[in-house]
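Take a look at the letters that make up each chain.
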Amino acid sequence: MDISLSTFSQVIEILGTMAFAISGVFAAMEKKLDVFGITIIAFVTAIGGGTVRDVLIGATPVAWMKDVNILLIILGTAVITMLFRKKIVNLHKTLLLSDALGLGLFTIIGIKKGMAIDLSPGICITLGTITGCFGGVIRDILLNRIPALFHADLYATPCIVGGITYVLLINYISEEWAQAIAIIIVSAVRIIAYRKNWRLPTL
Amino acid sequence: MDISLSTFSQVIEILGTMAFAISGVFAAMEKKLDVFGITIIAFVTAIGGGTVRDVLIGATPVAWMKDVNILLIILGTAVITMLFRKKIVNLHKTLLLSDALGLGLFTIIGIKKGMAIDLSPGICITLGTITGCFGGVIRDILLNRIPALFHADLYATPCIVGGITYVLLINYISEEWAQAIAIIIVSAVRIIAYRKNWRLPTL
Amino acid sequence: MDISLSTFSQVIEILGTMAFAISGVFAAMEKKLDVFGITIIAFVTAIGGGTVRDVLIGATPVAWMKDVNILLIILGTAVITMLFRKKIVNLHKTLLLSDALGLGLFTIIGIKKGMAIDLSPGICITLGTITGCFGGVIRDILLNRIPALFHADLYATPCIVGGITYVLLINYISEEWAQAIAIIIVSAVRIIAYRKNWRLPTL
């Protein structure tokens, strides 16, 4: 059980990181960035949320500095996406699923990091949401546009819903099962919201 | 004396936090953000300056992660402001005063945090000014506009004037009195600058 | 040898800091910022890269808080540049050279900081590039434009080339010589790229 769930998490982490990096590449190409700029946006989208989290809680050097593998995965993803951009655009469904699963996993990773230093549950959920969502916020700031998170996509709400679920469940079931269920909830809410084009109200 | 001044500080902190959050809500509504985006901008405006300060000096986890009350005050303020936005706009004078008092208090809190780790007086004043002003800077970055702090409002100057006063006064009078006087100076300079529409020169 | 190279580094550090600050002043004036805004942009351009580096690795309080001299140099540079802006514009060649030498030195300083905490070579080069380039990125974010680093200037590539050289050379020659050679390579690549108007491809 342990091994399979941990392997499951690793697969999701890689798929999620790749999906985040790919979304960064396409956003950067739209703005006519050069290949270096595109690569940086891929990195920032993939690791920005975790970086903000680590900086806010003082977990430095931040995570990506200690894990060269993740950087190589992002770099490889960015290069391959630039080379085969027309084909990769067609992987729309795979990307949506990978992105949604990654969003779920990153949220839970952030929540756990907060719990490890005894932050209160509400702050842990905030930290999880930051981990999942703030890569996209930094991407949009660097691309000089208002973060989509604040007006377009329903992207934080799934993290908050899944995060609350996780925080409640770990009192009753094993951490592994709570994590699996929370990731599924985040992903499901995200995908349904995307398909149905759900939006939060403006004023 | 101690108790009343400390209570006085707490009241100002709450009023100032609310005024900062309200200014965030209105700025975000102008840009057609959704209710989640508006809430995030309210948070960022209220706690962004202190967060930048804590990250720069390594006081992590940053302050708001250790004080759920402040977060609840901001959340409540954001919700109430969204619901009663037409009424709250009319509280213009109250908001201006609360904002100015908050600016003063946050500046002094920042200066004290710098002094506590033996930074030089000039750096402490810088840290105080960052605490007071950088929530608005992050708000404007997220709303995709040049920070008002850099071209429109006379907002940092009151912090610097009040900060210098504080740093000088604590050599001669009690810390409590120095703080009270400095807050009044920051607030007075800010309000007069606002009323008279004072601007710094451009080139 | 030691003394002269160290003096050489100090001279470059001052010249580079001044050149970065001056570029900040001119970029800010274009956007009609007031004198306070211009000064902040000068600071951010000069110390932003090192600040991001220090925050990411947890070397807090960040470097500029511990070195008032650098701040005074930036402040003096900003004031003089604002006063004599028409004359300073004509110092184009001197500024280009100072900026390029500074870029090289800051890159090496960043790499050394990474090595001091045992980060892997690729991360150290990344940290060096961040040190050299991210002041300009923050400057551009604050001025509400897409960072030039990502689409216009060939500015990071020289850092990466020089950084790789440095990391390879220190296995064979003295640290002082490796540093001198790497700085010359960064500067030379930067100046040639600028003169020839080299660009990275877009897609």
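Residues numbered from 1 in each chain as written. Chains lettered and ligands numbered in written order. Predicted model: local features only at pLDDT ≥ 70, side-chain atom pairs only at ≥ 80, totals over all residues. Heavy atoms only, no water.

Q: Give me the lowdown on the overall build of chain A, citing residues and values where you can.
A: From N to C terminus, chain A includes eight helices and zero strands. Element order for chain A, N to C, with α for helix and β for strand: α-α-α-α-α-α-α-α. For chain A, the C-alpha radius of gyration of 16 Å lies close to 17 Å, the compact-globule estimate for 203 residues. With the principal axes as the frame, chain A shows a C-alpha extent of 50 × 45 × 30 Å. Counting only residues that meet the buried cut, chain A has 53% of its 203 residues in that class. Across chain A, 16 positive and 12 negative side-chain charges occur, with their mean positions spaced 12 Å apart. (Helix = DSSP H or I, 4+ residues; strand = E, 2+ residues; numbered from the N terminus. Rg over C-alpha atoms; globule rule 2.2 N^0.38 Å. Buried < 20%, exposed > 50% of the residue type's maximum accessible area, 1.4 Å probe, protein only. Lys, Arg positive; Asp, Glu negative; His and termini not counted. Charge placed at Lys NZ, Arg CZ, Asp CG, Glu CD.)

Q: Break down the confidence of the model for chain A for me, with residues and values.
A: Summary statistics for chain A give a mean pLDDT of 92 and a share of 98% for residues scoring 70 or more. Interface predicted TM-score (ipTM) for the complex: 0.92; the corresponding pTM is 0.94. (pLDDT = per-residue confidence, 0-100.)

Q: Lay out the relation of the copies chain A and chain C with the relevant residues and their values.
A: For the pair chain A and chain C, the relating rotation is 120 degrees, the translation along its axis is 0.0 Å, and the fit reaches an RMSD of 0.0 Å. Those values place the two copies in the arrangement expected of a three-fold rotation axis. (Least-squares fit on C-alpha atoms with pLDDT ≥ 70 in both.)

Q: Got a sec to walk through the pattern of salt bridges? Specific residues and values, please.
A: All names here are of chain B. Taken as a whole and judged by the stated rule, the model has 15 salt bridges over all chains. The closest approach of N and O atoms between Lys 113 and Asp 54, which form a salt bridge, is 3.4 Å. Taken together, the positions of Lys 113 in helix H5 (residues 92-116) and Asp 54 in helix H2 (residues 35-57) put the pair 59 residues apart, joining distant regions of the chain. The exposure class assigned to Lys 113 is partly exposed, which follows from its relative accessible area of 28%. Asp 54 sits in the buried class, given a relative accessible area of 1%. (Salt bridge = Lys/Arg side-chain N within 4 Å of Asp/Glu carboxyl O.)

Q: Describe in detail the interface of chain B and chain A, supporting the description with residues and values.
A: Of the residues lining the interface, 26 residues belong to chain B; the matching set on chain A comes to 27 residues. Contact with chain A buries area across many residues of chain B, yet Asp 34, Phe 36 and Met 65 of chain B alone supply 29% of it, more than any other trio. At the junction of chain B with chain A, the criterion picks out four residue pairs in polar contact (both at pLDDT 80 or more). At the level of secondary structure, the elements contributing two or more residues to the side of chain B that touches chain A comprise H2, helix H3 (68-83) and helix H6 (121-142) of chain B. A per-class count over the side of chain B that touches chain A returns 18 nonpolar, four polar and four charged. (Contact = heavy atoms within 4.5 Å. Buried area = accessible area lost by both parts, 1.4 Å probe. Polar contact = N/O pair within 3.5 Å; in protein donor to acceptor, adjacent residues only side chain to side chain. Nonpolar A, V, L, I, M, F, W, Y, C, P; charged D, E, K, R; others polar.)

Q: Any details on the environment of Val 55 of chain B? Residues and values, ideally.
A: Residue placement: Val 55 of chain B occurs in helix H2. Residue class for Val 55 of chain B comes out buried when judged on its relative accessible area of 14%. Apart from the residues within four sequence positions on either side, Val 55 of chain B is in contact with Val 55 and Leu 56 of chain A, Val 62 of chain B together with Val 55 and Thr 60 of chain C.

Q: Break down the relation of the copies chain B and chain A for me, citing the residues and quoting the values.
A: Mapping chain B onto chain A calls for a screw motion: a turn of 120 degrees about the axis and a shift of 0.0 Å along it, with 0.0 Å RMSD after fitting. Residue by residue, only 12% of the interface of chain B is reproduced at the interface of chain A, so the copies engage with different surfaces.

Q: Describe in detail helix H8 (residues 175-196) of chain A, supporting the description with residues and values.
A: All names here are of chain A. For H8, spanning 22 residues, the distance from its first C-alpha to its last is 31 Å, which sits close to the expected 32 Å at 1.5 Å a residue. When H8 is considered as a whole, its buried residues turn out to be Ala 178, Gln 179, Ala 180, Ala 182, Ile 183, Val 186, Ser 187, Arg 190, Ile 191 and Ala 193. Looking at the residues trailing H8, positive phi occurs at Asn 197, about 55 degrees. (Expected span 1.5 Å × (residues − 1).)

Q: Quick rundown of the packing of H2 of chain B against H6 of chain B? Include the residues and the values.
A: All names here are of chain B. With their axes 7 Å apart at the nearest point, H2 and H6 run at an angle of 130 degrees to one another. By the criterion of interaxial angle, the relationship of H2 to H6 is oblique. Taken as a pair, H2 and H6 cross one another with a handedness that is right-handed. Residues Ile 41, Val 44, Thr 45, Gly 48, Gly 49, Gly 50, Val 52, Arg 53, Leu 56 and Ile 57 of H2 form the contact with H6, whose participating residues are Leu 127, Ile 130, Thr 131, Phe 134, Gly 135, Gly 136, Ile 138, Arg 139 and Leu 142. (Axes fitted to C-alpha atoms, helices over the stretch in contact; angles between N-to-C directions. Parallel < 35°, antiparallel > 145°, perpendicular 65-115°, else oblique. Left-handed = near helix turned anticlockwise from the far one by under 90°.)

Q: Break down unusual backbone geometry for me, citing the residues and quoting the values.
A: In this chain, Thr 60 of chain B is followed by Pro 61 of chain B through a cis amide linkage whose omega measures -5 degrees. Along the chain, the position of Pro 61 of chain B falls in the loop between H2 and H3.

Q: Got a sec to walk through the state of the cysteines? Specific residues and values, please.
A: Residues and elements named next belong to chain C. In the structure shown here, the tally under the stated rule is zero disulfides over all chains. The thiol of Cys 133 is not disulfide-bonded; the next cysteine sulfur, from Cys 159, is found 3.8 Å away. A residue is classified by how much of its surface remains accessible, and Cys 133, at 3% relative accessible area, is buried. (Disulfide = S-S within 2.5 Å.)

Q: Describe the interface of chain A and chain C, with residues and values.
A: Counting from both sides, the interface comprises 26 residues of chain A and, opposite them, 27 residues of chain C. For the pair chain A and chain C, the summed buried surface comes to about 2200 Å²; carbon and sulfur atoms form 76% of the total. Here chain A is connected to chain C by zero salt bridges. Put simply, chain A and chain C have four residue pairs in polar contact (both at pLDDT 80 or more) between them. Of all the elements in the fold, those that place two or more residues in the side of chain A that touches chain C are helix H2 (35-57), helix H3 (68-83) and helix H6 (121-142) of chain A. A per-element tally of the side of chain A that touches chain C places H2 of chain A first, with eight residues. Its residues assigned to classes, the side of chain A that touches chain C shows 18 nonpolar, four polar and four charged.

Q: Describe H6 of chain B, listing the residues and the values that go with them.
A: All names here are of chain B. With 22 residues, H6 ought to run about 32 Å at 1.5 Å a step, and its terminal C-alpha atoms sit 31 Å apart, in line with that. Burial within H6 is extensive, with 18 of its 22 residues counted as buried. Taken from the residues just after H6, Asn 144 is the one with a positive phi, measuring 60 degrees.

Q: Residues and numbers for the environment of Ile 173 of chain C, please.
A: All names here are of chain C. Along the polypeptide, Ile 173 turns up in the loop between helix H7 (156-169) and helix H8 (175-196). You can call Ile 173 partly exposed: its relative accessible area is 33%. Sequence-wise, Ile 173 and Gln 10 are 163 residues apart; in three dimensions their C-alpha atoms are separated by 22 Å. Setting aside chain neighbours within four positions, we find Ile 173 in contact with Ala 178 and Ile 181.

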